[in-house]
Amino acid sequence: MILSILCLVVRGMEGASPGAGLASLGAGLERYVRTSWAHQDGLPSTLIYAITQTRDGYLWLGTSDGLIRFDGINFVPQKLLSSSEPLLGAVTALCAAKDGSLWIGSASGFITRMSKLGLQKYRLGAEAEAIVSVSESEVWVIAENGLYRFADVSRGSLTPVERIDPEQVIRRPSLGNGNIPIAPHTTADEVQMPSIYTHRVLLGGRQLFLNEGKQGRIWLAARPLPQDLIPSVSLHDRRGYLWAGSLTSGLVRTTNTGRKLEMDLASDLIESLFEDREGDIWVGTNNGLHCYRFGKFALLTERDGLTSDKVTSVEAGGHAIWVGTQAGLNRIHDSSVDQYLRGVDVLSVKEAPDGQLWVGTTQGVFKIAANAADLLTTTQRITGVLKSVTAIEEDAEGGIWLADAQKGLFSWKSEVLTRAEPNLDGNARTIKTMRAQSNGALWLGFFGGGLGVYRQGSFHEFSAADRAPEETVNDVYVQSPEEVWFGTDGGLFRFDGKKFVSWNTDAGLPGNRILWLQADGKDYFWLGFSTGIARIHRSDLPAAGPIPARRVQCDFYDFGDGLPANPVRRSQSAGSLDLDGKLWFTTSAGIAILDSRHIEKNSLPPPVVIERVVADNHEPRIDRAMRFPPLTRNLQIDYAGLSLVVPRKVQFRYRLDGFDKDWQNVGTRRQAFYTNLRPGAYRFQVSAANNDGLWNEDGASIAFSILPAFYQTRLFTILCVVAAALIGWGIYRLRLQRMQAAWNARFEERLAERTRIAQELHDELLQNAMGVSLQIELSDSLIEERHAAKPHLQRALTLSRGLMRKGREVLRDLREKARDAVDIARVLRKAMEDFQREGGPVSNLIVEGTPRIVNPLVADDLTQIGYQAIANAFQHAAAGKIEVRMIYRPSELCLEVKDDGCGIESRMAETGKPGHYGLIGMRERANQIGGTLAIESRTGEGTSVTVIVPGKRAFSREKEK
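Along each chain, residues carry numbers from 1 onward, in the same order as the chain's sequence is written. Owing to the predicted nature of the model, reporting of local features is limited to residues with pLDDT of at least 70; listing and counting of side-chain atom pairs is limited to 80 or more, with chain, interface and lining totals taken over all residues. Only hydrogens and water are removed before side-chain values are computed, so all heavy atoms of the structure are retained for them.

**Considering the pairing of strand β31 (residues 346–351)**
For every residue, the accessible area obtained with a 1.4 Å probe (protein chains only) is divided by the maximum for its type, and the residue is called buried under 20%, exposed over 50%, and partly exposed between those limits. Secondary structure elements follow DSSP: runs of H or I no shorter than four residues count as helices, runs of E no shorter than two count as strands, and numbering proceeds from the N terminus. Along β31, six of the six residues are buried, which leaves the element largely enclosed by surrounding structure. The sheet contact formed by β31 and strand β32 (residues 357–361) spans five bridges and is antiparallel. When the sheet's bridge partners are listed, Val-349 is paired in β32 with Val-359. Any two strands with at least two DSSP-identified bridges between them are counted as paired. Between β31 and β32, which pair antiparallel and follow one another directly, the connecting turn spans five residues, one of which, Gly-355, has a positive phi of 95 degrees.

Structure (structure tokens):
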């Protein structure tokens, strides 16, 4: 084995001063992220003279082609003049006034005020150079031909109350340092230096610099600040940085320490600078729009002292930060950047608890020992045999494990290098990652899939039956002997000693391929993806499960949050947390750094605006109460959340009161669509969250209504109901008339039959009976009184005469068309008297109500039912009292026969006594006349027979006399 002692301490390199402190280095690290827009990005005009932002959150651009509104996503040109007015020309000055209005100055000399009152215009006669809002009621406009003061602007006035000639301005006494006040009565003490904003203007042919300070103070200066840059525009941002842009030298940012950084822009001609409400810096050039936003990440590159931007590994667990690159090893410690193994391709680094650093390179494995005072650092190559070591791990016993991508697994113990047995690379598999447990186990993950545990010379590999990860395992985190986590190409896995549980994009992760994972002391997991990094709560993961009832909540940071380059994994040590909570990880352009304990959040909820409403391809003006015509089918509502930090991360939710039962979370979609809404009143509400998830709970809303067509009105519905009711009533009446006609026809048919029977009874039966009676009477007269047949003939004669009388009564009944209560009552009373002659109970007949004429057929059947009920009561009830009651009601005719006799069984009351048909006949007669028969009886308590006939069938339509 070849051992060589290399003492290689390199301090200071090109681009970093020797002994530069870490604090200075950190301040100099670039954290601004630039976004640019040009014609290909939808920007209508790329020469931008002025930029401002109004209260509602919109960004306004004054360009060579007019005014443009920007919401972070879409550029919308604004029409300020009618076709009959002269051309406005380029917009050279903008001002968001304190009263909420927007002031626009043009090259053609127009001043336009845009407010709730609409558009107001005033002509200056010269190009507008700058517009400044001093208070809610006062605005100053600087033009080449003088200064204009507008007062009472909050009341809608757009006529200058004062105009100052350029010469009068220049002759004004200065306030010191060549500063010339604009507003009257401005003193030197009120002019605060340095100014927040400086802008080059032309006044009377002379170049001056307009300065804006705090509390609306404005003054002119003959010299710019900073004077060494001679900027055309400069800006002090809220972080204390100075941004300066010129017409020839581009954009320069000066840090708090005085370091000047040239910002890389495609154009050197800077026309405008602006800082928005969220702290973004906007730059207008002659070649497009640019935005610099302060990111959450810092980037450490070769210009900051690294040996190369091609970083392979990082180790930040100890008192120093070790960074491996393809051109050497770097240590960031004690406010300095040191270089080791310069020119050597470093593959992996691992710091042992004793402070020694193990380094895998293409020239072998090195061990570096450095004391805390950094007085002496020794570098020792322990072997040159292993030249592809991408993973290094120390076990609980202090042994070092080396995973060589070409040769397999080796251990370094007691200054001896040993190949692991059994030989794990027998299947030509490459170890991708490894981690040691306190129980002596070594977890091994393989490229292309496979996961196992190596312990005391034996190796156990998990299979698909164990639900182990089948994809490449990139990183392992050992939380405890009973809990191990794995970052794989297929998601995040956890092993609890018995089973594996996994989470992926279906569970809410931002991606499936996890490059590395790091855990901090606050229950957070940091996961590295190729597109960004995510932070999740470990305690949330078990609750989610493989098929989660709820999605995993995570914070995801990518390019929009200032991530300068894509995270990459070139070794096991691709991400690491230092003792201060800073996360260091490798990217495609250097080392990215995130202070996990002090992540800057966007604390401003985004203003929400509803930009337009489209109803059936018609775009009405948005007002407080919009009304859409009947049969409006398609409704589209466009809205925006005006957070300009990362516009593509703005989330939305909306609800339509009167239709939606709950909020609809629609992600980043900026349109709502509704079809076939019913007529009625609606209220649309929308809210938005910024890039850090802060919601604007107030949001925005509009109220509208859809008018009903004539057939959708309540009156039409009422008319339809009334019409349906009338039609139903008509159908009912028609049906009733037809039933009545059929009933009358049956009555007429029965009456005709009665008449025929009466004729036959009179012509044949009664005549024959009369002849029989005469013969008997003649025989009686011829036979002597003493003859034995004499009594029998007299008895026959009496019977024949009774038969004749009865026949005449039946004939009379058949001939009559109607009966009243007296007739029915007479027949029933006669029946009661006949039964009482042979002995029987006390009986009584009562008539209640106003008697009416009864249809003859109903009267006959009702009389027969009553007769049968009376006969049953006298002959079978053994009653002491019988009561017959006839009740005339307006809607019905009721006959009731009651006795206090022995009663009958319920079954017999329904079916009658076998072989007897009295009860059956009673029910048949009741059905024939459309009535109902009810028999109520209890043994020993008597019987009640009730017949009820509806009045429309019982009573005759003939007028009562």
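**Describing helix α9 (residues 918–928)**
Taken together, the buried positions of α9 are Leu-919, Gly-921, Met-922 and Ala-926. Looking straight down α9, one finds its buried side chains confined to an arc of 160 degrees; they lie on one side. Throughout, a residue-residue contact means that at least one pair of heavy atoms, one from each residue, lies within 4.5 Å. Contact partners of the buried residues in α9: α7 (856–876), α8 (906–911), β65 (932–938) and β66 (942–950). At the C-terminal side of α9, Gly-930 shows a positive phi close to 75 degrees. To be clear, the arc concerns the directions from the helix axis to the C-beta atoms.

**So, the sheet that holds strand β6 (residues 66–70)**
In space, the four strands of this open sheet follow the order β4-β5-β6-β7, with antiparallel pairing throughout. Looking at the sheet topology across the chains shown, the edges are occupied by β4 (48–53) and β7 (75–77). When strand polarity is set aside, the average angle formed by the axes of neighbouring strands in this sheet is 25 degrees. As defined by bridge partners, β4 adjoins strand β5 (residues 59–63) across five bridges and the pair is classed as antiparallel. Note that in β5 the partner of Ile-48 across the bridge is Thr-63. Where helices are involved, their axes are fitted lines through C-alpha atoms of the stretch in contact, as for all axes, and angles between N-to-C directions lie from 0 to 180°.

**Details of the pattern of salt bridges**
One speaks of a salt bridge when a side-chain nitrogen belonging to Lys or Arg is within 4 Å of a carboxyl oxygen belonging to Asp or Glu. Summed over all chains, the structure comprises 32 salt bridges. Its salt-bridge partner being Arg-655, residue Asp-657 comes within 3.3 Å of it at the nearest N-O pair. Taking relative accessible area as the criterion, Asp-657 reaches 25% and is therefore assigned partly exposed. The salt bridge partner of Asp-861 is Arg-925, with a shortest N-O separation of 2.7 Å. Taken together, the positions of Asp-861 in helix α7 and Arg-925 in helix α9 put the pair 64 residues apart, joining distant regions of the chain. Relative accessible area serves as the criterion here: at 1%, Asp-861 is assigned to the buried category. Arg-925 sits in the partly exposed class, given a relative accessible area of 30%.

All quantities given are derived from atomic positions and should not be read as evidence of function.
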